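Chain and residue survey
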Amino acid sequence: MATGIQRLVRRALLAKLKGSATLTTLVPSASINPDGEPTWPHIHLRAPVTRRLRAAGVNGGEGSFDVHAFARSRYDAGARVETAEDHAGRIGGAIEAALADNRLALEGGGTVRIEVTDMRLLEDDTPDAFHWFAQVNWRALAS
């Protein structure tokens, strides 16, 4: 397996998310996989799994990341203009569109094929908040 392929895939996914104008209108780029205490709404890539791919003439890896989006209701002048459920759902839709069955370039060469699956939308433990999440499955071949 190409050394550090999981890190390369994570960086490619983050670049794609942060490069989506539709998504960053909903969630600022600084709140996508932030360091430290996040501001609402926020997105995180977590729980990577990587498996080695090796066969005649093939060297690479495949795996998955969980992508999580957290949102609260939106208010304007004290009036609720969007429920937390709808807000999280819109963010999830923007994530799906940004990552939709794509091929992404990896740093140093090569590509990774991605697919977004298993989307869910749940009430969060935080009051007036919802949690959207999905799995991003990937496969990368190294030369």
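That block above? That's the structure.
Now for a look at the structure at hand. Predicted, not measured: the structure shown is a model, and the values here were computed from it.

Parameters and conventions
Positions within a chain are numbered from 1, following the residues in the order the chain's sequence is written. Only residues with pLDDT of at least 70 get local features here, since the model is predicted, and only at 80 or more are side-chain atom pairs given and counted; chain-wide, interface and lining totals rely on the full set of residues. Only heavy atoms go into the side-chain values, all of them from the structure, while hydrogens and water stay out. Runs of H or I in DSSP of at least four residues are treated as helices and runs of E of at least two as strands, each being numbered from the N terminus. Between buried and exposed lies partly exposed: a residue is buried under 20% and exposed over 50% of the maximum accessible area for its type, with that area taken using a 1.4 Å probe on protein chains only. By the criterion applied in these results, polar contacts are pairs of N or O atoms within 3.5 Å in which, for protein atoms, one can donate a hydrogen and the other can accept it, and in which residues neighboring in sequence qualify only through two side-chain atoms. Note on contacts: a residue pair qualifies if any of its non-hydrogen atoms lie within 4.5 Å across the two residues. For two strands to be treated as a pair, DSSP must find no fewer than two bridges joining them. Any carboxyl oxygen of Asp or Glu that lies within 4 Å of a side-chain nitrogen of Lys or Arg is treated as forming a salt bridge with it.

**With respect to unusual backbone geometry**
A cis geometry characterises the amide bond from Trp40 onward to Pro41, with omega recorded as -10°. Note on placement: Pro41 falls in the loop between helix H2 (21–26) and strand E1 (42–55). Phi is positive for Ala77, which is not a glycine, with a value near 55°. Its location among the elements puts Ala77 in the loop between strand E3 (74–76) and strand E4 (79–82). Positioned with a positive phi, Asp118 is a non-glycine residue whose angle comes to about 55°. Mapped onto the fold, Asp118 is located in strand E6 (residues 111–123).

**A look at the side chain of Thr117**
Topologically, Thr117 is positioned in strand E6. Accessibility expressed as a relative area gives 17% for Thr117, which makes it buried. One polar contact links Thr117 to Asn137, side chain to side chain, over a distance of 2.9 Å. If sequence neighbours within four positions are ignored, Thr117 has contacts with Ala134, Gln135 and Asn137.

**A word on the pairing of E4**
The pairing of E3 with E4 spans three bridges and is classified as antiparallel. Bridged to Arg74 within E4 is Glu82. Where E3 folds back onto E4 in an antiparallel hairpin, the turn is made up of two residues, including Ala77, whose phi is positive at roughly 55°.

**Overview of the pattern of salt bridges**
Taken as a whole and assessed by the stated rule, the structure comprises five salt bridges. Between Glu107 and Arg11 there is a salt bridge, with the nearest N and O atoms lying 2.5 Å from each other. Of this pair, Glu107 sits in the loop between strand E5 (103–105) and E6 while Arg11 sits in helix H1 (residues 5–18), and the two are 96 residues apart along the sequence. Residue Arg11 is classed as partly exposed on the basis of its relative accessible area of 40%. A salt bridge links Arg80 to Asp128, with the nearest nitrogen and oxygen atoms 3.9 Å apart. Here Asp128 lies in the loop between E6 and strand E7 (129–142) and Arg80 lies in strand E4, a separation of 48 residues in the sequence. A cluster of three or more residues bridged by salt bridges with shared partners is formed by Arg74, Glu82 and Arg90.

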